[in-house]
Amino acid sequence: MSKERVLSGMRPTGRLHLGNYLGALKNWQQMQEDYECFFFVADWHALTTDYANTEEIRSNIREMLIDWLAVGIDPEKATIFIQSGIPDHAVLHVLLSMITPIPWLERCPTYKEQQQQLTGRDLSTYGFLGYPVLQSADILIYKAHKVPVGIDQLPHLELTREIGRRFNHLYEEVFPEPQAIHTEILKLPGTDGRKMSKSYNNCIYLSDSPDTIWEKIRTMMTDPQRKRRNDPGDPELSPVYAYHKIFSSEEEIAEVAEGCRTAGIGCIDCKKILSENMIRRLAPIHEKRAVLMEHPEEIDAVLEKGTAAAGQVAASTMAEVRTAMKI
Ligand code: TRP
């Protein structure tokens, strides 16, 4: 019996933080065991918003791949590749663009939102409007069954299904309907209690050293009501407690919660427990990272092998597409 196929991509944003790890990568890592997985760096997608700013793209790709491999995305189990290494994504994008009505793209919620949010750059470009068509090509070219993505990406998945359906209807049945899988089971707050995000400067990175981790946790926000050591607090209002739930043992979690409510434990002691647990948990990732930093050729080899394998799958879909379209 052949396994169902999973495909997902990430824009190369550089070093990944704990939110990226717990929200997406951990799911990818688990899916490797049960599915035929394709994971790729969406470097062309990065250009749709950052076309004017390309100096960091190479190093961002490298940093992100180091994190993928360090957390256990395994090239023996999954096909790891880079979008720009497979020109057929662009070929399918052009063909799909012929059958995609512009209003489908204009009414995509991410289109207007991002244009409003990312001020200071001109996003009235052809490429930015076509972002979801490129994403559809990424997905359909591998005939993916399942696509793990965050909730913000659901409109793009819906559009992918509509474009695939339209193709199948106009020509021949080529593309199966891909299903989204929600990955964000866990909402991890940043060190200031807001959503963890690079642009808020409130991230703990997978690559942060033990000293940096302690410094970030030491100065982390706690229950704002608990101003003095003797004030009782509410652990549910403290992001420190949200982290304990992920990194600490059942006993420790119960202990710090009780200590917080009764003012039996000070915030610094509570933070020390968390910091030690987090540093211990991240140690194997740090070790693997250090090895990979010393051996950049390993990363190149992984990409080369994965891109060759993915390219064959893409080429075989493109042959079907050309037959269906009679071109
Ligand atoms: N748009 C996705 C994001 O910003 C990245 C992406 C590009 C992707 N192509 C994809 C995700 C295909 C899943 C499948 O997160």
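Residues numbered from 1 in each chain as written. Predicted model: local features only at pLDDT ≥ 70, side-chain atom pairs only at ≥ 80, totals over all residues. Heavy atoms only, no water.

## Some words on the domain arrangement of the chain
Let me state the cut-off plainly: Reported domain spans reflect what an automatic or database domain assignment gives. The contact criterion used is simple: two residues touch if any of their non-hydrogen atoms lie within 4.5 Å. Note on terms: buried area is the combined drop in 1.4 Å-probe accessible area of two parts once they are placed together, counting the loss on both. Put simply, a salt bridge is a Lys or Arg side-chain nitrogen that is within 4 Å of an Asp or Glu carboxyl oxygen.
Domain parsing of the chain yields domain 1 (5-187 + 296-325) and domain 2 (208-289). When each unit is reduced to the centre of its C-alpha atoms, the spacing between domain 1 and domain 2 is 36 Å. Listed as interface residues are 11 residues of domain 1 and, on the opposing side, 9 residues of domain 2. Around 820 Å² of area is buried between domain 1 and domain 2 when both sides are counted, 65% of it from carbon and sulfur atoms. Per-residue buried area on domain 1 facing domain 2 is highest for Leu18, Leu22 and Ala70; these three make up 48% of the total on that side. Where domain 1 meets domain 2, there are 3 salt bridges. Note that Arg15 is salt-bridged to Asp208, the shortest N-O span being 3.7 Å.

## Details of the site of the ligand
The condition that has to hold: Only heavy atoms are used to decide nearness, and a residue is near a molecule or strand if one of them lies within 4 Å of it. Nitrogen and oxygen atoms within 3.5 Å of one another constitute a polar contact, given that in protein one can donate a hydrogen and the other can accept it, and given that sequence-neighbouring residues count only through two side-chain atoms. Note on areas: these come from Shrake-Rupley sampling with a 1.4 Å probe, and a residue is covered only by the protein chains present in the view.
Residues in contact with the ligand amount to 14 residues; listed here are only the nearest, Arg11, Tyr131, Gln135, Asp138 and Gln153. Contacts to the ligand include Tyr131, whose side-chain N or O atom sits 2.7 Å from a nitrogen atom. Contact between the ligand and Gln135: a nitrogen atom at 3.1 Å from a side-chain N or O atom of the residue. In isolation the ligand has 370 Å² of accessible area, and contact with the protein removes 89% of it.

## Considerations on the layout of surface pockets
Selection rule: The distinction between a cavity and a pocket rests on a 1 Å grid over the protein atoms alone: a 1.4 Å probe fits inside a cavity but cannot get out, while a pocket stays open yet meets protein on both sides within 12 Å along at least five of seven lines, and a residue with an atom within 4 Å of a point counts as lining. Grid points are joined across faces, edges and corners, and a volume is the space filled by probe spheres set on the points. A run of H or I in DSSP counts as a helix once it spans at least four residues, and a run of E counts as a strand once it spans at least two, with each numbered from the N terminus. For this classification, Asp, Glu, Lys and Arg are treated as charged, while Ala, Val, Leu, Ile, Met, Phe, Trp, Tyr, Cys and Pro are nonpolar and the rest, including Gly, are polar.
Of the pockets and cavities examined, the second largest pocket occupies roughly 310 Å³. Forming the walls of the second largest pocket are 16 residues, and the residues nearest its centre are His93, Tyr126, Gly127, Gly130 and Val133. Elements with a minimum of two residues in the lining of the second largest pocket: α2 (43-50), α4 (88-98), α5 (102-106), α7 (126-129) and α8 (131-140). Looking at the lining of the second largest pocket residue by residue, the class counts come to 10 nonpolar, 6 polar and no charged.

## Overview of the environment of Ala314
The criterion, for reference: Burial classes follow relative accessibility: with a 1.4 Å probe on protein chains only, a residue under 20% of its type's maximum area counts as buried, one over 50% as exposed, and anything between as partly exposed.
Note that Ala314 resides in helix α14 (residues 296-325). Taking relative accessible area as the criterion, Ala314 reaches 0% and is therefore assigned buried. It is 6.6 Å that separates the C-alpha atoms of Ala314 and Asp88, two residues lying 226 residues apart in sequence.

## Some points on empty space enclosed by the protein
Inspection of every chain in the model, using the stated rule, returns 1 cavity of 30 Å³ or more. Classifying every residue of the lining of the largest cavity gives 8 nonpolar, 2 polar and 2 charged.

## Here's the deal with the side chain of Gln135
Counting through the fold element by element, Gln135 comes out in helix α8. There is a polar contact of 3.0 Å between the side chain of Gln135 and the side chain of His156.

## Describing the pairing of strand β2 (residues 36-41)
Definition in use: At least two DSSP bridges between two strands are needed for those strands to be called paired. Convention used here: a crossover is right-handed provided that the path from the first strand, over the helix, to the second strand proceeds clockwise when the strands point away from the viewer.
Counting buried residues in β2 gives 5 out of 6 residues, a clear majority hidden from the surface. Relative to β2, strand β1 (residues 5-10) is paired through 6 bridges, and the arrangement is parallel. Across the sheet, Met10 pairs through a bridge with Val41, a residue of β2. The handedness of the β1 to β2 crossover, carried by helix α1 (residues 18-31), is right-handed. The sheet contact formed by β2 and strand β3 (residues 78-82) spans 5 bridges and is parallel. Bridged to Val41 within β3 is Ile82.

## Structural notes on the side chain of Thr160
Mapping Thr160 onto the fold places it in helix α9 (residues 154-170). Setting aside anything within four residues of it in sequence, one finds Thr160 in contact with Ser136, Ile139, Leu140 and Pro178.

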